[in-house]
Amino acid sequence: MNGDLLELIEQAGVNGLVIEGFGAGNLPPAVLPALKQLIADQVPVALVSRSVNGSVAPIYAYEGGAKQLQALGVILSHNLNGQKALIRMQIGLSAGMSGTTLANYLKK
């Protein structure tokens, strides 16, 4: 997995993005440049675990680990699954939320 899809999503003018990561919220290092660009362009990015009973936590600090992603500005959606995080992202953006307000809404 590389950042090609994220680059296409950004070019399409996305308002927000929910990514389902591995385990406790980890992504392949090859997606980081595209992910950093999304964040630099003020696109809110939420990370959830694709594991059935998984939870995102800033445990791993290696490249692509949730701890590093959180430091980059990715919102860790802790116990939400992808569908719930997407609905919350849509509602939050529709209500005009951004920054810390949106992040806090996506962490519940």
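The present account deals with the structure reproduced in this document.

Rules and cut-offs
- Residues numbered from 1 in each chain as written.
- Predicted model: local features only at pLDDT ≥ 70, side-chain atom pairs only at ≥ 80, totals over all residues.
- Heavy atoms only, no water.
- Buried < 20%, exposed > 50% of the residue type's maximum accessible area, 1.4 Å probe, protein only.
- Helix = DSSP H or I, 4+ residues; strand = E, 2+ residues; numbered from the N terminus.
- Pairing = 2+ DSSP bridges.
- Right-handed = clockwise from strand over helix to strand, strands pointing away.
- Phe/Tyr/Trp six-rings, centres within 6.5 Å; stacked < 30°, edge-to-face > 60°.
- Lys NZ or Arg CZ within 6 Å of the ring centre and 35° of its normal.
- Axes fitted to C-alpha atoms, helices over the stretch in contact; angles between N-to-C directions.
- Parallel < 35°, antiparallel > 145°, perpendicular 65-115°, else oblique.
- Left-handed = near helix turned anticlockwise from the far one by under 90°.
- Contact = heavy atoms within 4.5 Å.
- Nonpolar A, V, L, I, M, F, W, Y, C, P; charged D, E, K, R; others polar.
- Core = buried A, V, L, I, M, F, W, Y, C linked by side-chain atoms within 4.5 Å.

Along strand E1 (residues 17-21), the buried face is formed by Leu-17, Ile-19 and Gly-21; none of Val-18 and Glu-20, which line the opposite face, is buried. Relative to strand E2 (residues 45-49), E1 runs parallel, the two being bridged by five bridges. Across the sheet, the residue bridging to Ile-19 is Leu-47, located in E2. Crossover E1 to E2 through helix H2 (residues 32-40) is right-handed.

Before going further, it helps to examine the packing of aromatic side chains. Within the structure shown, the criterion is met by one aromatic pair. Note on Tyr-60 and Tyr-62: the rings are 5.6 Å apart at their centroids and 35° apart in plane angle, and the pair reads as tilted. For Tyr-62, a relative accessible area of 44% puts it in the partly exposed group. The ring of Tyr-105 has Arg-88 sitting right over it, with the charged end atom 4.8 Å from the ring centre.

All right, on to the packing of helix H4 (residues 82-94) against helix H5 (residues 99-107) then. Here H4 crosses H5 at 150°, and the two axes come no closer than 9 Å. Here H4 lies roughly antiparallel to H5, going by the angle between them. As for the relative orientation of H4 and H5, their crossing is right-handed in sense. On the side of H4, the interface is formed by Ala-85, Arg-88, Met-89, Ile-91, Gly-92 and Leu-93, while H5 contributes Leu-102, Tyr-105 and Leu-106. Looking at side-chain class alone, the contact of H4 with H5 contains seven nonpolar, one polar and one charged residues.

What follows concerns the nonpolar core. Counting residues in hydrophobic clusters, the biggest one holds 18 residues, and the most contacted among them are Leu-6, Ile-19, Leu-35, Val-45 and Leu-47. Going through the elements one at a time, E1, H2, E2 and helix H3 (66-72) are the ones with two or more residues in this core. The element that contributes the greatest number of residues to this core is H2, accounting for five residues. Setting aside residues no more than four positions away along its own chain, Leu-47 makes contact with Ile-19, Gly-21, Gly-25, Leu-27, Val-56, Leu-69, Val-74, Ile-75, Leu-76 and Ser-77.

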